[in-house]
Amino acid sequence: MELGSLFQFNANAASGMAVHDDCKLKFSDLKAKRTHRFIVFKIEEEQQQVVVEKVGEPTNSYEDFTASLPADECRYAVYDYDFLTEDNCQKSRIFFIAWSPDTSLVRSKMIYASSKDRFKRELDGIQVELQATDPTEISLDVIKSRV
């Protein structure tokens, strides 16, 4: 392999996966139109891209969201959390969650970790980021403590 090809390969590997347009469109809908409560994203290794796996309706609960994260596979997710301030004002925060359970494959953890920053940059408007390896790290109490 010549040096130019080697450099191109390393540059592509470092930049992470491609991001399917649907990811950005659904995130924009969540952020601006509030038509979704959450979005779960999955890396499709064969296509080398991040795709939308599941979209939650605005009426879905936080428990619906956490139930949509697989117990033994990595995912990215965004969750639109509504809350009341001490002044009784309605607010929301958009959370980005990098879900990487301890039971997932090491290869999967590495792919998700190396692609996270590039993917997150595609989603303009994320306000809080969480890294979680088990359900206790994304409990509703953790979410509430981060607003």
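The structure under discussion appears in the preceding block.
A quick note: this is a predicted structure, and the numbers were derived from the prediction, not measured.

**Points about the packing of aromatic side chains**
Centre distance and the angle of the planes are the two values used to describe a pair of aromatic rings.
Then step 1. A full pass over the atoms with the stated rule returns 11 aromatic pairs.
Then step 2. Relative to F65, the ring of F38 lies with its centre 5.2 Å away and its plane at 55°, an arrangement referred to as tilted. Here F65 lies in helix α3 (residues 62-67) and F38 lies in strand β2 (residues 38-44), a separation of 27 residues in the sequence. For the pair F38 and F65, one class covers both residues: buried.

**Section: the layout of surface pockets**
Then step 1. Approximately 230 Å³ is the volume found for the largest pocket.
Then step 2. Lining the largest pocket are 14 residues, and of these E45, E73, L105, S108 and Y112 lie nearest its centre.
Then step 3. When residues in the lining of the largest pocket are grouped by element, the largest group, four residues, is from helix α4 (residues 106-122).
Then step 4. Split into classes, the residues belonging to the lining of the largest pocket amount to five nonpolar, two polar and seven charged.

**Looking at the pattern of salt bridges**
Then step 1. Following the criterion strictly, the structure yields 12 salt bridges and no others.
Then step 2. Note that E122 and K24 form a salt bridge whose closest N and O atoms lie 3.3 Å from each other. Of this pair, E122 sits in helix α4 while K24 sits in helix α2 (residues 21-33), and the two are 98 residues apart along the sequence.
Then step 3. Of the residues examined, E122 reaches a relative accessible area of 28% and is grouped as partly exposed.
Then step 4. Where salt bridges share partners, they join R34, R37, D80 and D82 into one cluster.

Conventions used here
- Residues numbered from 1 in each chain as written.
- Predicted model: local features only at pLDDT ≥ 70, side-chain atom pairs only at ≥ 80, totals over all residues.
- Heavy atoms only, no water.
- Phe/Tyr/Trp six-rings, centres within 6.5 Å; stacked < 30°, edge-to-face > 60°.
- Helix = DSSP H or I, 4+ residues; strand = E, 2+ residues; numbered from the N terminus.
- Buried < 20%, exposed > 50% of the residue type's maximum accessible area, 1.4 Å probe, protein only.
- 1 Å grid on protein atoms, 1.4 Å probe; cavity = no way out; pocket = protein on both sides within 12 Å on 5 of 7 lines; lining within 4 Å.
- Points joined across faces, edges and corners; volume = space filled by probe spheres on them.
- Nonpolar A, V, L, I, M, F, W, Y, C, P; charged D, E, K, R; others polar.
- Salt bridge = Lys/Arg side-chain N within 4 Å of Asp/Glu carboxyl O.

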